[in-house]
Structures are given as structure tokens and as C-alpha cells.
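Analysis of the macromolecular model
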Amino acid sequence: TRQYAQYKMLMPSFGFLAQSQITEILAYVDQQTKQFHIEPLPVNESMVSERLVPPVQRSGLNIEMEDYIQIPRSNDNPADKGIATLRPHPAGDGTLFVSDQIGIIYRISQSKADTFLNITQKIEKFIYTPGIGTGLGSFAFHPDFLKNKCFYTTHAETYTGKPAINDGAFPDSIGVGLQWVLSEWELDDVQAKVFQGKKREVLRLNTPTTAHGVQDIGFAPGLAQEDADYGMLYLGIGDGGSNNLKMPELGHHVRSLLGTVIRINPRGNPGKNQSYSIPPDNPFANDPDPMVRKEIWAYGFRNPHRMCWDATAGKKMIVADIGESNIEEVNIIEKGGDYGWSNIEGRYGIDTKVDLKSVYPVSKSKLAFIQEPFGQYDHQDGNAISGGFVYTGALEALKNKYFFGDIVTGKLFYMCIAQPLTDSTVYEISLVRNGQPISLQQIINARRVHLRIGYDPYTGTLFIMTKGDGMIRKVVRAYYEENQI
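Residues numbered from 1 in each chain as written. Predicted model: local features only at pLDDT ≥ 70, side-chain atom pairs only at ≥ 80, totals over all residues. Heavy atoms only, no water.

Focus on the overall build of the protein
For clarity, the cut-off: Helix and strand labels come from DSSP, where a helix needs a run of H or I of at least four residues and a strand needs a run of E of at least two; each type is numbered from the N terminus. Atoms counted for the radius of gyration: C-alpha only. Globule rule: 2.2 Å times residue count to the power 0.38. Residue burial is assigned from relative accessible area. The probe radius is 1.4 Å, only protein chains are included, and a residue is buried under 20% of its type maximum, exposed over 50%, and partly exposed in between. Throughout, a contact is declared for two residues whenever any of their heavy atoms are within 4.5 Å. Accessible surface is estimated by sampling points in the Shrake-Rupley manner with a 1.4 Å probe; for residues, cover comes only from the protein chains shown. Only four residue types enter the charge count: Lys and Arg as positive, Asp and Glu as negative, with His and the chain ends excluded. Where a charge sits is defined by one atom per residue type, namely NZ (Lys), CZ (Arg), CG (Asp) or CD (Glu).
Each helix and strand counted, the protein has five helices and 28 strands in total. Relative to the compact-globule value of 23 Å for 485 residues, the protein shows a C-alpha radius of gyration of 22 Å, a close match. Classification of the 485 residues of the protein by burial places 55% in the buried group. Across the protein, contacts joining residues at least 24 apart in sequence account for 64% of those joining residues at least 6 apart. For the protein, the exposed surface amounts to about 21800 Å²; the carbon and sulfur share of it is 49%. Across the protein, the mean location of the 48 positive side-chain charges is 4 Å away from that of the 54 negative side-chain charges.

Structure, rendered in C-alpha cells:
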């Protein structure tokens with residue numbers, strides 16, 4: 001209770017602990033229960049898990065990986081912190097960059113990883129604990145990087161009273177859990193092996209707890225300069241843990257940035273008290289209500305963990321949204337769309353003021369007011385979605401599939417993303433090593449995998465990253481089993 005009051009955050013899963021550590025914790029709980037005669041909490045039978053959506057389907061698709069490079073982990077790294085985002089150098093020369101949540105971006109070239117930027121040396125109030133979602137969140141290169149030399153990062157900071165773009169968005173009695181900051185970094189030389197240049201703060205955001213902050217940022221790739229979306233930066237912002245506080249009113253409306261995907265021009269002519277501009281074609285840019293946040297592109301998310309774009313047929317933005325206790329979502333983003341949270345999880349109703357864990361059926365008429373998920377799986381098939389990418393490389397069996405996975409279990413999935421988007425089935429991919437099926441849990445010898453997906457569109461290489469061992473592996477083969485689809 002004391003820790004919840006301080007951090008506004010519930011105890012995380014024990015999945016990242018060794019079995020011996022879990023046994024020690026349970027033994028301690030048992031000892032305390034007996035010593036203080038603590039009565040067990042009653043079990044609500046209505047909360048017993050039942051399947052809410054169709055099961056993930058076996059696909060017969062196998063993939064094989066090989067180790068690519070291991071990113072070093074310091075001894076004091078928390079188990080839930082590690083490599084999170086991978087991007088190729090915009091020159092397309094095979095150089096890769098990968099970020100570690102503890103505050104480092106590594107440059108990978110010729111099978112060697114070196115520190116490119118350590119933001120802890122440049123940002124005094126940077127923090128990567130408490131909370132799974134703190135630290136260095138993500139980074140993205142500007143599409144004009146080779147000319148303007150700019151890239152962007154998001155990170156968490158201790159709250160010290162600095163003004164944020166959503167100051168006053170929730171009562172002072174709630175307090176600020178931490179702040180998320182979007183920064184622009186301008187290199188002196190685009191081919192530099194170590195960052196030298198200058199930094200500019202673009203945006204600062206308050207969240208009421210240490211949970212569900214700014215998970216991913218990105219620019220739509222492959223656009224012509226005359227495209228209205230060229231150079232527009234998207235940020236996925238979680239609900240800030242507002243529903244864990246039983247305060248859903250802090251989000252799920254266009255007067256709040258919590259639980260949204262926003263779109264800004266980080267290098268545009270700024271408005272009053274801003275370091276960025278709001279694109280005039282944003283869905284709420286011309287709303288006469290001064291309280292409406294004109295940055296919003298879509299809203300109604302719990303934790304929009306990863307985003308990508310599919311350019312194989314038009315330009316579809318895909319956002320993976322981590323659910324609470326029941327359903328994980330793959331969403332095709334519509335301009336101005338409402339994606340339901342915190343009234344809807346998947347295609348079910350939820351009352352987060354009463355019970356975060358239980359959902360109930362709702363009518364089609366209620367669902368008509370939201371954008372339903374394109375794909376979903378429930379917690380009998382996984383625990384937390386790790387968004388990925390639409391594959392366009394040389395492995396024929398993977399082409400034009402949205403490749404993603406589950407953070408906790410390390411299971412790998414795909415969806416058929418081709419137009420007209422009629423197949424909403426989630427298919428499981430089998431991992432094979434030395435001719436035998438194997439799981440990522442077995443490979444890294446941990447129950448919680450901390451899976452992340454990376455992709456280099458220049459080489460068509462798909463990467464699978466696991467925090468626990470700091471290993472980046474690349475997919476080298478993909479094929480269907482005989483007599484399978």
C-alpha cells in the first residue's frame with residue numbers, strides 16, 4: 001500500500017524472476033500470512049479466464065534465426081530494462097542503431113556495437129526506474145536526416161516542476177508521476193560514429209503515474225517531399241496509468257493527450273509557447289474549442305506500444321496496443337478515430353472505475369462508435385503485444401505479412417495485411433533450430449522474454465531482440481511445413 005501510494009503503480013509480474021527467487025517470495029508471503037493471521041482474498045468466480053476471441057491459429061510457417069550481435073548489459077541493469085528500438089541508418093549502408101532503455105543508443109557496424117549517444121551524460125533528471133515503461137523510450141530519424149542531420153528521442157525525467165504541454169490536465173491532488181520529453185538532436189556529421197552536435201527540447205508531457213508513457217515515435221517512411229505527411233512525427237502516448245488510479249476521465253477524449261497518438265511537425269513554425277507546429281490537416285486542427293488538443297491524430301488507447309506503416313497498398317498506419325488483463329490489439333489507424341479504451345477493450349466493454357480485470361459483452365450499436373481492432377488475441381495466447389513491421393524482404397513466405405509477437409511469452413505471430421483486409425486471423429509462427437522446434441523462452445532460459453522486433457527495410461532483414469540476454473538475432477529462413485497452408 002505504501003509503495004502504491006508513492007509510485008501509483010501496481011506490483012509487476014514476477015515473470016522475469018528466476019524460479020528460486022519466486023519460491024523465496026512465496027515463502028515470505030506464506031510466513032507473513034501465518035504470523036499475522038491474514039485471511040486470503042476471496043476469488044471472484046466471474047473473473048476466471050475464458051476465451052474471449054478466437055484462438056491464435058497454427059500456420060505451419062517456420063522461421064530460423066541466427067545470432068547477429070549481443071548488446072552489453074551492465075550488472076545493475078534491471079531485468080525489465082534493455083534493448084528496445086532498432087533503426088537502420090537512413091543512408092541504407094547497413095549501419096544499425098539500437099537503443100537501451102537505460103539511456104544508451106548503440107551504433108552497430110561491421111558486427112561491432114559502440115556507444116553512439118549516452119543521454120544520461122546530457123540529461124540531468126533522466127530516470128529509468130521505477131516502472132517498466134520508463135527510461136529511453138524510442139528514437140527516430142527525420143526523413144530528411146541526410147540533409148538536416150536531425151533525429152529524435154523520447155525519455156522519462158523526474159518531475160521538478162518544469163511546465164509541460166498538458167499542465168493542468170489533471171488535478172494537483174493527483175500529482176505528476178514523471179515527465180516524458182521529446183528531444184531533437186542535430187549531428188555535426190551524419191556519418192559520425194559518436195554523437196557530436198546540439199540538442200533541443202521539443203515537447204514535455206506530464207503523466208500521473210510511472211506507467212504507460214510515450215512508447216514509440218516514428219515518421220511514415222518512403223514518402224515524397226510533397227506528401228502532406230512528409231516530416232510529420234507521430235508519438236504513441238499511453239493513458240499514463242490513469243485507469244490504474246480509477247480515473248478514466250483523465251483520458252479518452254480530445255481534451256487530453258493521455259491515451260492518444262499525436263502528430264506534430266517538429267521542425268515547423270512553432271505556435272505560442274511551443275517548439276513545434278501542428279499540421280493543418282490534423283483531424284482536430286480547426287476545432288473551435290480551445291481546450292481540444294490539436295496535436296491528436298487518434299485516441300482511445302491504453303498503451304500504444306509500437307507503430308509502423310504498410311506501403312504495399314496505400315499507406316496504412318498500424319498500432320499495437322497493449323491490453324489490461326484480457327485482450328491484445330492490432331489497430332489500423334484512421335484519422336480522428338476513437339479506439340475505445342477505457343470503455344472498450346478489444347470488442348468488449350470494461351468499467352475501469354469498478355474493475356480493471358473484467359470485461360463484458362456489448363452491443364453492436366455501442367461498438368459502432370469506435371474503431372474496432374483489426375486483429376486481437378486474448379490472454380490464453382499471450383500477455384502483452386510487441387508490435388512489429390510489414391515484411392517486404394526476400395523471404396517469400398514472410399512477404400506482405402505483418403510480423404509481431406508477445407513481449408512476455410516470446411511467441412511470434414503474423415497477420416495477412418493485404419487489401420481488402422478481410423482476414424483478421426492471428427497466425428502463430430513456429431521457431432526452429434537445428435531442425436527441432438524451440439521457443440524463445442528456451443533459448444534465453446527465462447519465462448519472461450521481453451521481446452522486441454526490429455526491421456531494416458533497406459536490406460529486408462527482420463530482427464528479433466530479447467532484453468534478458470541483450471541478443472539481436474536475425475531471421476535467415478522462412479518456410480511452410482509440408483501439407484500445411
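What to know about the confidence of the model for the protein
For the record, the criterion: Per-residue confidence from the prediction method is given by pLDDT, with values spanning 0 to 100.
In this model, the protein carries a mean pLDDT of 91, and residues with pLDDT of at least 70 account for 92%. Confidence drops under a pLDDT of 50 for residues 1–10, and excluding neighbours within four residues, the segment shows 16 contacts in the predicted structure.

A closer look at the packing of aromatic side chains
Convention followed: Here the aromatic set is Phe, Tyr and Trp, taking the six-membered ring for Trp, and pairing holds for ring centres within 6.5 Å; pairs whose planes are under 30 degrees apart are stacked, those over 60 apart are edge-to-face, and all others are tilted. We call a charge positioned over a ring when the NZ of a Lys or the CZ of an Arg lies within 6 Å of the ring centre and within 35 degrees of the ring normal.
Applying the stated criterion to the full structure yields 23 aromatic pairs. Note on Phe-141 and Phe-151: the rings are 5.9 Å apart at their centroids and 50° apart in plane angle, and the pair reads as tilted. Within this pair, whereas Phe-141 is found in strand S6 (residues 136–141), its partner Phe-151 is found in strand S7 (residues 150–157), the two being separated by 10 residues in sequence. Considered together, Phe-141 and Phe-151 belong to a single accessibility category, that of buried residues. Three or more aromatic residues joined by ring pairs form one cluster here, namely Phe-97, Phe-116, Phe-139, Phe-141, Phe-145, Phe-151, Trp-185 and Phe-195. A cation sits over an aromatic face here: Lys-401 above Tyr-414, 5.3 Å from the ring centre. The ring centre of Tyr-479 lies 4.0 Å from the NZ or CZ of Arg-477, which sits over that ring.

A few points about the sheet that holds strand S8 (residues 178–187)
Spelled out, the test is: Any two strands between which DSSP finds at least two bridges are classified as paired. Note on geometry: axes are C-alpha line fits, over the in-contact stretch for helices, and angles between N-to-C directions span 0 to 180 degrees.
Read across the open sheet, the four strands follow the order S6-S7-S8-S9; overall the sheet is antiparallel. Whereas interior strands pair on both sides, the edge strands pair on one side only; in this sheet they are S6 and strand S9 (197–207). In this sheet, neighbouring strand axes are inclined to one another by 20° on average, regardless of whether the strands run parallel or antiparallel.

Considerations on the nonpolar core
The criterion, for reference: Residues belong to one nonpolar core when they are buried, are Ala, Val, Leu, Ile, Met, Phe, Trp, Tyr or Cys, and are joined through side-chain atoms within 4.5 Å.
In this structure, Ile-63, Leu-398, Tyr-402, Phe-403, Phe-404 and Ile-464 are the most contacted members of the largest nonpolar core, which totals 45 residues. Per element, the largest residue contribution to this core is four residues, and it comes from strand S23 (residues 412–416). Dropping the residues within four chain positions of it, Ile-464 is found in contact with Ile-63, Met-65, Phe-403, Leu-412, Leu-440, Leu-451, Arg-452, Met-471, Ile-472, Arg-473 and Val-475. With 26 residues, the next largest nonpolar core counts Val-202, Leu-203, Leu-205 and Val-292 among its residues.

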